[in-house]
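Chain by chain, the residues:
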Amino acid sequence: MDLTKAQLEQEYTIKDIQTDDEELNAFLFSLGCYSGEKITVVSKFGKSYVVSVKDGRYNIDTNLAKAILI
């Protein structure tokens, strides 16, 4: 399942990043979003998600959230 279906405040392990866009893949990697890493959806506001990865919190849109498989 992708990150848009995640429950709030529950920790998940990223299984894969599913995108053909190299820039998107590189951006997510720079945030620490890669296979095996832990991720938590802290909150959701409309089409925007606040996620916690490692020691940081990031705001991502639905397209990015759909690319992250958990």
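What counts and what doesn't
- Residues numbered from 1 in each chain as written.
- Predicted model: local features only at pLDDT ≥ 70, side-chain atom pairs only at ≥ 80, totals over all residues.
- Heavy atoms only, no water.
- Patch = residues over 30% accessible without salt bridge, like charges linked within 9 Å, V, L, I, M, F, W, Y side chains within 5 Å.
- Areas by Shrake-Rupley, 256 points an atom, 1.4 Å probe, with all protein chains shown as cover.
- Salt bridge = Lys/Arg side-chain N within 4 Å of Asp/Glu carboxyl O.
- Lys, Arg positive; Asp, Glu negative; His and termini not counted.
- Charge placed at Lys NZ, Arg CZ, Asp CG, Glu CD.
- Helix = DSSP H or I, 4+ residues; strand = E, 2+ residues; numbered from the N terminus.
- Buried < 20%, exposed > 50% of the residue type's maximum accessible area, 1.4 Å probe, protein only.
- Arc of directions from axis to C-beta.
- Contact = heavy atoms within 4.5 Å.
- Polar contact = N/O pair within 3.5 Å; in protein donor to acceptor, adjacent residues only side chain to side chain.

S.K.: Describe a negative patch on the surface, naming the residues involved and giving the relevant values.
M.R.: Together, D20, D21, E22 and E23 make up a negatively charged patch on the protein surface. Within the secondary structure layout, D21 lies in the loop between β2 (16-17) and α1 (22-31).

S.K.: Account for α1, naming residues and giving values.
M.R.: Given 3.6 residues to a turn, an α-helix orients residues that are three or four positions apart in the same direction. For α1, the full list of buried residues reads L24, L28 and L31. One side of α1 carries all its buried residues, which in axial view fall inside an arc of 55°. Structural note: α1 exposes E22, E23, F29 and S30 on the side pointing more than 90 degrees away from its buried face. Buried residues along α1 sit against β2, β4 (48-53), β5 (56-61), α2 (62-67) and β6 (68-69). Between the side-chain oxygen of the N-cap and the backbone nitrogen of E23 there are 3.0 Å, and the N-cap of α1 in question is D21. After α1 finishes, the residue G32 shows a positive phi value of roughly 100°.

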